[in-house]
Amino acid sequence: MDIHLVDGTYELFRHYYALPSARESDGREIAAVRGVLASVLGMIKGGATHIAVATDHVIESFRNDLWPGYKTHEGVEPDLLAQFPLLEEVLSAAGVVVWPMVEFEADDALAAAAVAAATDTRVDRVIICTPDKDLAQCVSGSRIVQLNRRTRVTLDEPAIVQKFGVSPASIPDYLALVGDTADGYPGLPGWGAKSSAAVLAKFLHLESIPKDCREWRVNAANASALADTLRREWDRAILFRRLATLRTDIRLFEDVDALRWSGPTPAFDELAARLDAARTESRRPVAPRSKSARIVRPAPEL
């Protein structure tokens, strides 16, 4: 069996900016929820049997206590932010397992679930559905892979190495050096993608990088300056790596059978009808499109 783990936060953002506005009679924006629901149900209709969706019920997490610049809900469109609780409610009613994260992030849930599911010998593949580079650290061989559903590109371990120049195990170290603007930490000055990949491809982790750059023997420009920066900014590098390292010690389910989709709950029809009744309209800066397709209710798996 395949296990599909979906980044609900990414999907909600993606559909919010891709779809025209749809509002209920009270003015509540719900287009992104409709889009994500239709997308997830489409996965089930296409053959996904075991599926779970992780969301950032609260954008802030324990990482905000570690680094004041870490991402927050500030700047997120209120119409987008307000759709998280509805998305969680609707997906749950559709019979999909949902993990709304508060202390941890959705990425942590995906990482923890991937590691746990991969221990089950009945599982052929764990497919983490997100383009987020943080999740590259979870990829393992061809057993745990990362799927960008928008581009339909699947990355196994050799593909991660080809893309980043380092193995999945080095991704947190790599992000610590190059930074992650989406998550709000800058990395170390001068450490770009090429130099970071060259050094970590050989030494794997920050602690293994020799302090004397003459021992590196890798193709990295301004190696002396990079070594000085790493030595000077060492504590910050370790902190950034901690921010980039996903938590895999979160217990989310007892058995992968808990992730098996067996059909929507009785509450789904009413919620689906409510979503279908929303008024579709154009919204800037998104170009107007034709009316969204109605929500198709798939048959329960027997």
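Scroll up for the structure.
Note that the coordinates shown come from a computational prediction; the quantities given were computed from them, not determined experimentally.

(A) Broad picture of the overall build of the chain. Helix and strand counts for the chain come out as twelve helices and eight strands. Whereas a compact globule of 302 residues would reach a radius of gyration of roughly 19 Å, the chain reaches 21 Å, a difference of no more than 12%. Overall, the C-alpha framework of the chain stretches about 65 × 45 × 30 Å when taken along its three principal axes. Counting across all 302 residues of the chain, residues that qualify as buried make up 50%. Of the contacts formed within the chain by residues at least 6 apart in sequence, a portion of 70% connects residues at least 24 apart. For the chain, the accessible surface area stands at approximately 14200 Å², while carbon and sulfur atoms represent 52% of it. Between the averaged position of the 36 positive side-chain charges in the chain and that of its 42 negative side-chain charges there is a distance of 6 Å.

(B) Just the sheet that holds strand 1 (residues 2–7), in detail. Taken in spatial order, the six strands make up an open sheet running 4-3-1-5-6-7, and their pairing is mixed. Edge positions in the open sheet fall to strand 4 (97–101) and strand 7 (153–155), since each of these has one partner strand only. Each adjacent strand pair in this sheet contributes to an overall mean axis angle of 20°, direction not counted. Relative to strand 3 (residues 50–56), strand 1 runs parallel, the two being bridged by five bridges. Paired with histidine 4 across the strands is isoleucine 51, a residue of strand 3. The strands touched by helix 5 (residues 83–93) are strand 3 and strand 4; relative to strand 3, the strand with the most contacts, the crossing angle is about 165°.

(C) Expanded view of the layout of surface pockets. The volume enclosed by the largest pocket comes to roughly 440 Å³. The set of elements that each furnish at least two residues to the lining of the largest pocket consists of helix 1 (8–18) and helix 6 (106–118). For the lining of the largest pocket, the residue count by class is seven nonpolar, three polar and eight charged.

(D) Here's a closer look at the packing of aromatic side chains. One pass over the structure, following the stated rule, counts seven aromatic pairs. Seen from their ring centres, phenylalanine 164 and tyrosine 174 are 5.8 Å apart, and the 70° between their planes marks the pair as edge-to-face. Taken together, the residues phenylalanine 164 in helix 7 (residues 157–164) and tyrosine 174 in helix 8 (residues 171–178) connect sequence positions ten residues apart. For the pair phenylalanine 164 and tyrosine 174, a shared accessibility class is recorded, and that class is buried. Seen in terms of ring centroids, tryptophan 191 and tryptophan 216 are 5.9 Å apart; in terms of plane orientation they differ by 50°. Their pairing is tilted. In this pair, tryptophan 191 is assigned in the loop between helix 8 and helix 9 (193–203) and tryptophan 216 in the loop between helix 9 and helix 10 (223–232), connecting sequence segments 25 residues apart. Residues tryptophan 191 and tryptophan 216 agree in their burial class; the two are buried. These aromatic residues form a ring-pair network of at least three members: Trp67, Tyr185 and Phe240.

(E) Broad picture of helix 9. Here helix 9 has its buried residues at Ser195, Ser196, Ala197, Val199, Leu200 and Phe203. At its buried positions, helix 9 is contacted by helix 7, helix 8 and helix 10.

(F) Summary view of the pairing of strand 3. With seven of seven residues buried, strand 3 lies mostly within the body of the structure. Of the two faces of strand 3, both are covered, the one formed by His50, Ala52, Ala54 and Asp56 as well as the one formed by Ile51, Val53 and Thr55. Across five bridges, the pairing between strand 3 and strand 4 is parallel. Note on strand 4: the bridge partner recorded for threonine 55 is proline 100.

(G) The arrangement of the pattern of salt bridges in detail. Under the counting rule described, the total for this entry stands at 20 salt bridges. The salt bridge involving arginine 274 is made with glutamate 24; its shortest N-O contact spans 2.5 Å. Separated by 250 residues along the polypeptide, arginine 274 in helix 12 (residues 268–276) and glutamate 24 in the loop between strand 2 (21–23) and helix 2 (31–45) bring together distant segments of the chain. Judged by relative accessible area, arginine 274 falls into the partly exposed class, the value being 30%. Among the residues examined, glutamate 24 registers a relative accessible area of 10% and is labelled buried. Two residues, lysine 71 and glutamate 105, come together in a salt bridge whose shortest N-O distance is 3.0 Å.

Reading the values: rules and limits
- Residues numbered from 1 in each chain as written.
- Predicted model: local features only at pLDDT ≥ 70, side-chain atom pairs only at ≥ 80, totals over all residues.
- Heavy atoms only, no water.
- Helix = DSSP H or I, 4+ residues; strand = E, 2+ residues; numbered from the N terminus.
- Rg over C-alpha atoms; globule rule 2.2 N^0.38 Å.
- Buried < 20%, exposed > 50% of the residue type's maximum accessible area, 1.4 Å probe, protein only.
- Contact = heavy atoms within 4.5 Å.
- Areas by Shrake-Rupley, 256 points an atom, 1.4 Å probe, with all protein chains shown as cover.
- Lys, Arg positive; Asp, Glu negative; His and termini not counted.
- Charge placed at Lys NZ, Arg CZ, Asp CG, Glu CD.
- Pairing = 2+ DSSP bridges.
- Axes fitted to C-alpha atoms, helices over the stretch in contact; angles between N-to-C directions.
- 1 Å grid on protein atoms, 1.4 Å probe; cavity = no way out; pocket = protein on both sides within 12 Å on 5 of 7 lines; lining within 4 Å.
- Points joined across faces, edges and corners; volume = space filled by probe spheres on them.
- Nonpolar A, V, L, I, M, F, W, Y, C, P; charged D, E, K, R; others polar.
- Phe/Tyr/Trp six-rings, centres within 6.5 Å; stacked < 30°, edge-to-face > 60°.
- Salt bridge = Lys/Arg side-chain N within 4 Å of Asp/Glu carboxyl O.

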